[in-house]
Amino acid sequence: MSETHEAAPAPLHFKLVIDCADPQAQADFWAAALHYTAEDNSALIERLLAAGALPGEATVEFHGRLAFRDLVAVRHPQDPFDADSGTGLGRRLLFQRVPEAKTAKNRLHLDVHAGPERRDAEVDTALGASVLREVKEPSGQWVVMADPEGNEFCVQ
């Protein structure tokens, strides 16, 4: 009896997309909070504008360069990215503008793993976050926070 071994599918690439009212402000907050880098899509945007595939009102100036008005991503600074588009190819958060405000608790949230020696330093409300509560349990200790638009996250 011969066995058929099918190759396992390659792991899929993904990004976490976060709905928000102000993508640029959220990108600035999370880039600072995670020590990430805001993506520079200006070369792609300039090509799309020149080709007539993107209206000018769909862009804004962000950090001195053209950016999409309704989308901004941040990426881990050591991860690869596509130099042609500026799009990250690794760990990314994409902030997209939506018309409605956040109304309920997140169904998904980020856990920021700073470690016990850095946790207090990373619980920084100067960036616009707020502390919701501190948790101390036999399984661990963390701080539940909210970003400037009220999205919950934990710092462990």
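Residues numbered from 1 in each chain as written. Predicted model: local features only at pLDDT ≥ 70, side-chain atom pairs only at ≥ 80, totals over all residues. Heavy atoms only, no water.

1. Focus on the side chain of Q24
- You can see Q24 is positioned in helix α1 (residues 23-34).
- We classify Q24 as buried; its relative accessible area is 11%.
- Those residues within four positions of Q24 in sequence are excluded, and the remaining contacts are V60, F62, F68, R69, V72 and R97. (Helix = DSSP H or I, 4+ residues; strand = E, 2+ residues; numbered from the N terminus. Buried < 20%, exposed > 50% of the residue type's maximum accessible area, 1.4 Å probe, protein only. Contact = heavy atoms within 4.5 Å.)

2. A closer look at the nonpolar core
- Membership of the largest hydrophobic core comes to 24 residues, with the highest contact counts inside it found for W30, V74, L93, F95 and F153.
- At the level of elements, β1 (16-20), α1, β5 (71-75), β6 (92-97), β7 (110-112), β9 (140-146) and β10 (152-155) are the ones that each hand at least two residues to this core.
- Per-element accounting of this core gives the leading share, 5 residues, to α1.
- Once residues within four sequence positions are removed from consideration, W30 is found in contact with H35, L93, F95, L110, V112, D147 and F153. (Core = buried A, V, L, I, M, F, W, Y, C linked by side-chain atoms within 4.5 Å.)

3. Notes on the pattern of salt bridges
- Across all of its chains, the model carries 8 salt bridges by this definition.
- Residue E39 pairs with R92 through a salt bridge whose shortest N-O separation is 2.6 Å. Remark: R92 occurs in strand β6 and E39 occurs in the loop between β2 (37-38) and α2 (42-50); sequence separation between them is 53 residues.
- Judged by relative accessible area, R92 falls into the buried class, the value being 12%.
- Across the pair R69 and D70 runs a salt bridge whose closest N-O atoms are separated by 3.3 Å.
- Several salt bridges share partner residues, and in doing so they unite R69, D70 and R97 into one network. (Salt bridge = Lys/Arg side-chain N within 4 Å of Asp/Glu carboxyl O.)

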